Amino acid sequence: MIDEQLSLFGVAADPVPAPQPTAAQYQQIPLNPDVAIAPGTYADLAALATHCLACQRCGLCENRTHVVISRGNPQADLMIIGEGPGQQEDEQGKPFVGKSGQLLEKILASVQFDTEKDIYIANVVKCRPPGNRDPLPAEVNACRPYLLEQIRLVDPKIILFTGATAYKALTGGKQGITKIRGQWLEWGGRHCMPILHPAYLLRNPSREKGKPKWLMWQDIQAIRTKYDQLRGAA
Ligand code: URA
């Protein structure tokens, strides 16, 4: 299982044996979710992944098929943060591969973003909440240190908070997502934008002016412009 999962984010699984967590590494994972994983704990994403695959910091570990860590390019300048894995993601071990993910791909492709090349995708929680419920605050707190380490190691210029859970989990912001979406925020020294979650767009498919899909089209164009500016391409 660990071999198979490591290969999902570009760490060779075969013929090089996957790094197995050593007894000492297991002991380094604070099982008490109130104990933070300090910034700088992981030298690289492979070390982080090794820990995530063995994680038992919250009850979500009990029913997972896969720990869903990331997909895309770990050197990307644009990072997308979702809420947590759904059924497809849990089965495949990759974020945003179900219906929401397919819509997200279309939105990104509409402004010529290539997910594998331009984007790194992760979630607030790495294990599927039962029945796709929102992750509980304790689960978010348990998993947040991994995400903060992913952000530090990937070092993106832009972060998109996809939906209210991602926006609140990272910034602590209290505003509703429909109020705050489309606004650039400075968080952690980075350019960040909360955007509507694709699952919300699937439930609200109208493209009429002012409706969620139209708003997303405005936002993704603004994101493309900022991305090009920051990369000096505009
Ligand atoms: N929704 C999310 O927020 N993340 C996923 O990975 C899939 C659906």
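Since the structure is predicted, the reported quantities are computational estimates derived from the model, not experimental observations. (Residues numbered from 1 in each chain as written. Predicted model: local features only at pLDDT ≥ 70, side-chain atom pairs only at ≥ 80, totals over all residues. Heavy atoms only, no water.)

## Let's talk about the overall build of the protein chain
No. 1: A count of helical and extended segments in the protein chain gives 11 helices and six strands.
No. 2: Within the protein chain, buried positions represent 49% of all 234 residues.
No. 3: Within the protein chain, contacts between residues at least 6 apart in sequence are counted, and of these 72% link residues at least 24 apart.
No. 4: Entry remark: accessible area of the protein chain is about 11300 Å², with carbon and sulfur atoms responsible for 50%. (Helix = DSSP H or I, 4+ residues; strand = E, 2+ residues; numbered from the N terminus. Buried < 20%, exposed > 50% of the residue type's maximum accessible area, 1.4 Å probe, protein only. Contact = heavy atoms within 4.5 Å. Areas by Shrake-Rupley, 256 points an atom, 1.4 Å probe, with all protein chains shown as cover.)

## Points about the pairing of strand E4 (residues 158-162)
No. 1: Within E4, five of the five residues are buried, leaving the element largely enclosed by the surrounding structure.
No. 2: Neither face of E4 is open: one carries Ile158, Leu160 and Thr162, the other Ile159 and Phe161, and all of them are buried.
No. 3: In this sheet, E4 lies alongside strand E2 (residues 78-82) in parallel orientation, the contact comprising four bridges. Looking across to E4, one finds that Leu78 is bridged to Ile158.
No. 4: In this sheet, strand E6 (residues 190-195) lies alongside E4 in parallel orientation, the contact comprising five bridges. (Pairing = 2+ DSSP bridges.)

## Observations regarding the site of the ligand
No. 1: Taken together, Gly82, Glu83, Gly84, Glu89, Pro95, Phe96, Asn123 and His197 form the complete shell of residues around the ligand.
No. 2: Glu83 is positioned with one of its backbone polar atoms (N or O) 2.7 Å from an oxygen atom of the ligand.
No. 3: At a separation of 2.8 Å, a nitrogen atom of the ligand approaches a polar side-chain atom of Asn123.
No. 4: In the complex, the protein chains occlude 92% of the 230 Å² of accessible area that the ligand would expose alone.
No. 5: Among the cavities detected, the one that contains the ligand is the largest pocket.
No. 6: A class-by-class count of the residues in the shell around the ligand yields two nonpolar, four polar and two charged. (Near = heavy atom within 4 Å. Polar contact = N/O pair within 3.5 Å; in protein donor to acceptor, adjacent residues only side chain to side chain. 1 Å grid on protein atoms, 1.4 Å probe; cavity = no way out; pocket = protein on both sides within 12 Å on 5 of 7 lines; lining within 4 Å. Sits in = over half its atoms within 2 Å of the grid points. Nonpolar A, V, L, I, M, F, W, Y, C, P; charged D, E, K, R; others polar.)

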